[in-house]
Amino acid sequence: MSSAPSFVTVRGQAISLETQTESLLSKYSTFAQTTSAEQTSQEGKIDNQLETNLHKRQEIIDSLSKICHENPNISATKLTQLQRHKEILTIHWKNFQNIRSSIQQERNRLNLLFSVKNDIAQDHNNSNEIIGDADEYIQNESRRIDQSHNIVDRLITQAWETRDQFAAQSSTLNNANNRILGTLQRIPGITQVISRIGTRRRKNAVILASITTICILILFFTW
């Protein structure tokens, strides 16, 4: 049957892991100085190694405590060494958690800044789109107004042209009427001839109307 490991052997493992922990903490602290927005594979690897290392050291310290407990004659030096290993483990755990917290806080800050920049850029783009839409709307409305003004101008021009045409036609008719009257006044007896023609037309109209009335009455009474 093999004997249980001695205090010195187990303590040697504790010292070796403490040295490894200090080296890993030194590497891990560099990520707090140059934090990226996302955790890199190297950072994640060291983070896992540190956490595993610290848990192993806790197991080794538990083993040392068990050895001391089972050996009533253990020396005071060994008990002091055990206590020192516990203190160093506590310090390393605290340093590890502080570095991890610093990295996470810096990462959150970077992500927040990135998010704010994206929001500002999005708002800027939206503002440009709104301004662009407003400018396009104003330009379209301006074109519609110009088209309406052009139509009104054409209608007004046509109305003035029509009025001028009516005025010209009225002037032409008046001139023709004046010429006819002037001509009639210059021809002797033409006025009397026209008057007689008019009188004869009125007589013919009266005669035609009388005959039509008599025919209607005859048809009415003989039907």
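Rules and cut-offs
- Residues numbered from 1 in each chain as written.
- Predicted model: local features only at pLDDT ≥ 70, side-chain atom pairs only at ≥ 80, totals over all residues.
- Heavy atoms only, no water.
- Helix = DSSP H or I, 4+ residues; strand = E, 2+ residues; numbered from the N terminus.
- Buried < 20%, exposed > 50% of the residue type's maximum accessible area, 1.4 Å probe, protein only.
- Contact = heavy atoms within 4.5 Å.
- Areas by Shrake-Rupley, 256 points an atom, 1.4 Å probe, with all protein chains shown as cover.
- pLDDT = per-residue confidence, 0-100.
- Salt bridge = Lys/Arg side-chain N within 4 Å of Asp/Glu carboxyl O.
- Expected span 1.5 Å × (residues − 1).
- Phe/Tyr/Trp six-rings, centres within 6.5 Å; stacked < 30°, edge-to-face > 60°.
- Patch = residues over 30% accessible without salt bridge, like charges linked within 9 Å, V, L, I, M, F, W, Y side chains within 5 Å.
- Polar contact = N/O pair within 3.5 Å; in protein donor to acceptor, adjacent residues only side chain to side chain.
- Core = buried A, V, L, I, M, F, W, Y, C linked by side-chain atoms within 4.5 Å.

(A) Layout of the overall build of the chain. Within the chain, the secondary structure is distributed over four helices and zero strands. Mapped from its N terminus to its C terminus, the chain presents α and β elements in the order α-α-α-α. Classification of the 223 residues of the chain by burial places 16% in the buried group. Considering only contacts in the chain between residues 6 or more positions apart, those separated by 24 or more positions represent 79%. Accessible area for the chain stands at about 17,400 Å²; split by element, carbon and sulfur atoms hold 57% of it.

(B) Structural context of the confidence of the model for the chain. Mean pLDDT for the chain: 82, with 78% of residues reaching 70 or above. Here helix H3 (residues 76-186) is the element of the chain with the lowest mean pLDDT, 78, and helix H2 (residues 41-70) is the one with the highest, 94.

(C) Examining the pattern of salt bridges more closely. Within the structure shown, the criterion is met by seven salt bridges. A salt bridge links arginine 100 to aspartate 47, with the shortest nitrogen-to-oxygen separation between them at 2.8 Å. In this pair, arginine 100 sits in helix H3 while aspartate 47 sits in helix H2, placing the two residues 53 residues apart along the sequence. A relative accessible area of 31% places arginine 100 in the partly exposed class. For glutamate 87, the salt bridge is made with arginine 84, and the minimal N-O distance between the two is 3.4 Å. Placement of both glutamate 87 and arginine 84 in helix H3 is noted, with a separation of three residues, approximately one turn of the helix. Overall, the relative accessible area of 35% leaves glutamate 87 in the partly exposed class. Taken together, the salt bridges that share partners define one network made up of Asp47, Glu51 and Arg100.

(D) Inspection of helix H1 (residues 7-33) at higher detail. Its 27 residues place the ends of H1 39 Å apart at the C-alpha level, agreeing with the 39 Å of an ideal helix rising 1.5 Å per residue. Of the residues making up H1, those classed as buried are Phe7, Val10, Ala14, Leu17, Glu18, Thr21, Leu24, Leu25, Tyr28 and Phe31.

(E) The arrangement of the packing of aromatic side chains in detail. Considering all chains together, one arrives at two aromatic pairs under this definition. Taking the centre distance of 5.7 Å and the plane angle of 35° together, the rings of tyrosine 28 and phenylalanine 96 count as tilted. Of this pair, tyrosine 28 sits in helix H1 while phenylalanine 96 sits in helix H3, and the two are 68 residues apart along the sequence. On the basis of relative accessibility, which here comes to 1%, the residue phenylalanine 96 falls in the buried class.

(F) A nonpolar patch on the surface, seen in detail. Judged by side-chain polarity, Leu112, Val116 and Ile120 come together as a nonpolar surface patch covering roughly 280 Å² of accessible area. Within the secondary structure layout, leucine 112 lies in helix H3. What makes leucine 112 exposed here is its relative accessible area of 55%.

(G) Layout of the side chain of threonine 35. Within the fold, threonine 35 resides in the loop between H1 and H2. Among the polar contacts listed, one links the side chain of threonine 35 to the backbone oxygen of phenylalanine 31, at a separation of 2.7 Å. A polar atom in the side chain of threonine 35 sits 3.5 Å from the backbone oxygen of alanine 32. If we ignore the near neighbours within four places in the chain, the residues touching threonine 35 are Ile103, Glu106, Arg107 and Leu110.

(H) Region of interest: the environment of glutamine 81. You can see glutamine 81 is positioned in helix H3. Classification of glutamine 81 as partly exposed rests on a relative accessible area of 23%. Setting aside residues no more than four positions away along its own chain, glutamine 81 makes contact with Phe7 and Arg11.

(I) Here's a closer look at the nonpolar core. Counting residues in hydrophobic clusters, the biggest one holds 22 residues, and the most contacted among them are Tyr28, Ile46, Leu50, Ile60, Leu64 and Phe96. Apart from the residues within four sequence positions on either side, leucine 64 is in contact with Phe7, Val10, Arg11, Leu82 and His85.

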